[in-house]
Amino acid sequence: MITLRRLLQTATAIAAAAVLSACALAQPATTTEAKTAAAPAAAPPKPKPKPSPSLSWSKPHPVDCRKAKCVALTFDAGPGLYTAHLLDILKAKRVNATFFLLGEQGVARYPQLVRRQAAEGHELANHSWSHPRLTEVSTAEVHRQLSLVQQRIKQLTGRTPSLMRPPQGSTDQRVSEISRSLGLAQILWTVTAKDYRDHDPDLIKQRVLAGAERNGIILLHDVYTGTVPAVPGIIDGLRERGLTPVTVSQLFAPTKPQPGRAYWNAW
């Protein structure tokens, strides 16, 4: 029979072995092991910030309006739902135009179209932020309406416009002074198709061709349903009459419209 003393000795030995085993597990690892155990899990590499879209502003198709019979083709109040199709037409026809951009409903909503207009050689100009009659708002508001569009176009394209068109053509001495302070010449027009009211493409084309003449400025809107469908016929009709559609700056070259001054044509 196993004596009580023998049982006590066996239990003591087992306890001692357990303590030694625990101590062994608690011993510090080797230098390499310690570094491995202590090193936190490697954090995933942070993604590199994407570069901002490249700013591009192409030159328009070259035209010398001292020799060619030029007329400026301009579009107000965009970009809008029909602007992309208009740009396709202009590209196919090898024509550049001047776009007087609206800030709140146009530039802010369709920044990608503003970049495309610049990249395809069109001229970008200012048509105010929200289209108020500038002669009926405060001096501070006139400045805000124009400067906001200036800033936004500069952010998107890298260039600041030098032309503006007052909404509804409403201007006065005060608007002229503010325009001058912002480096903006005021561009009005000689021909309008009244496409804001009448949306028949044939009527729009007829009105434009009836009034178009050398050194004139055509006013259209790329935000109404009948305008863009009329543009191919307008371009073809102008060319048949010996007129070359160009941007406003091309029409005035080699001189430049002066800031603050209002122009109805290039005479």
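The structure we're discussing is the one just above.
Below you will find a few notes about this structure.

About the cut-offs
- Residues numbered from 1 in each chain as written.
- Predicted model: local features only at pLDDT ≥ 70, side-chain atom pairs only at ≥ 80, totals over all residues.
- Heavy atoms only, no water.
- Helix = DSSP H or I, 4+ residues; strand = E, 2+ residues; numbered from the N terminus.
- Expected span 1.5 Å × (residues − 1).
- Bend = angle between axes of the 7 residues up to and from the residue.
- Buried < 20%, exposed > 50% of the residue type's maximum accessible area, 1.4 Å probe, protein only.
- Contact = heavy atoms within 4.5 Å.
- Salt bridge = Lys/Arg side-chain N within 4 Å of Asp/Glu carboxyl O.
- Pairing = 2+ DSSP bridges.
- Phe/Tyr/Trp six-rings, centres within 6.5 Å; stacked < 30°, edge-to-face > 60°.
- Lys NZ or Arg CZ within 6 Å of the ring centre and 35° of its normal.

1. Brief notes about helix α9 (residues 227–240)
Structural remark: α-helix, 3.6 residues per turn; residues separated by three or four positions point the same way. Relative to the 20 Å expected for 14 residues at 1.5 Å per residue, α9 spans 20 Å between its end C-alpha atoms, a close match to the ideal helical length. Within α9, the axis deviates most sharply at Gly-233, by approximately 25°. Buried residues of α9: Thr-227, Val-228, Ala-230, Val-231, Ile-234, Ile-235, Gly-237 and Leu-238, and no others. Residues of α9 that are buried in the fold lie against β1 (70–76), α3 (83–93), α8 (201–211), β7 (217–221) and β8 (244–246).

2. Overview of the pattern of salt bridges
Tallying each qualifying case throughout the model produces 10 salt bridges. Of the charged contacts, one joins Arg-116 and Glu-120 as a salt bridge, the two residues approaching to 2.7 Å between their closest N and O atoms. Exposure remark for Glu-120: the relative accessible area of 23% places this residue in the partly exposed category. Among the charged side chains, a salt-bridge network with shared partners connects Asp-88, Arg-116 and Glu-120.

3. Describing the side chain of Asn-215
Within the fold, Asn-215 resides in the loop between α8 and β7. When its relative accessible area of 15% is taken as the criterion, Asn-215 is described as buried.

4. Examining the pairing of strand β3 (residues 123–126)
Two faces make up the sheet, and in a regular strand the side chains alternate between them. Every second residue of β3 is oriented toward a common face, with Glu-123 and Ala-125 on one face and Leu-124 and Asn-126 on the other, all of them buried. Note that strand β2 (residues 98–101) and β3 share 4 bridges and pair parallel. Bridge pairing links Phe-99 to Leu-124 in β3.

5. Structural notes on the packing of aromatic side chains
Within the structure shown, the criterion is met by 2 aromatic pairs. When the ring of Phe-75 is compared with that of Phe-99, the centres are 5.5 Å apart and the planes differ by 20°; the resulting orientation is stacked. Of this pair, Phe-75 sits in strand β1 while Phe-99 sits in strand β2; the two residues are 24 residues apart in sequence, bridging distant segments of the chain. When sorted by exposure, Phe-75 lands in the same class as Phe-99, which is buried. Taking 5.2 Å as the distance between ring centres and 80° as the angle between the ring planes, the aromatic pair formed by Phe-252 and Tyr-263 counts as edge-to-face. Of this pair, Phe-252 sits in helix α10 (residues 248–252) while Tyr-263 is found in strand β9 (residues 262–263), placing the two residues 11 residues apart along the sequence. For the pair Phe-252 and Tyr-263, a shared accessibility class is recorded, and that class is buried. Positioned above the aromatic ring of Phe-100, the side-chain terminus of Arg-165 is 4.2 Å from the ring centre.

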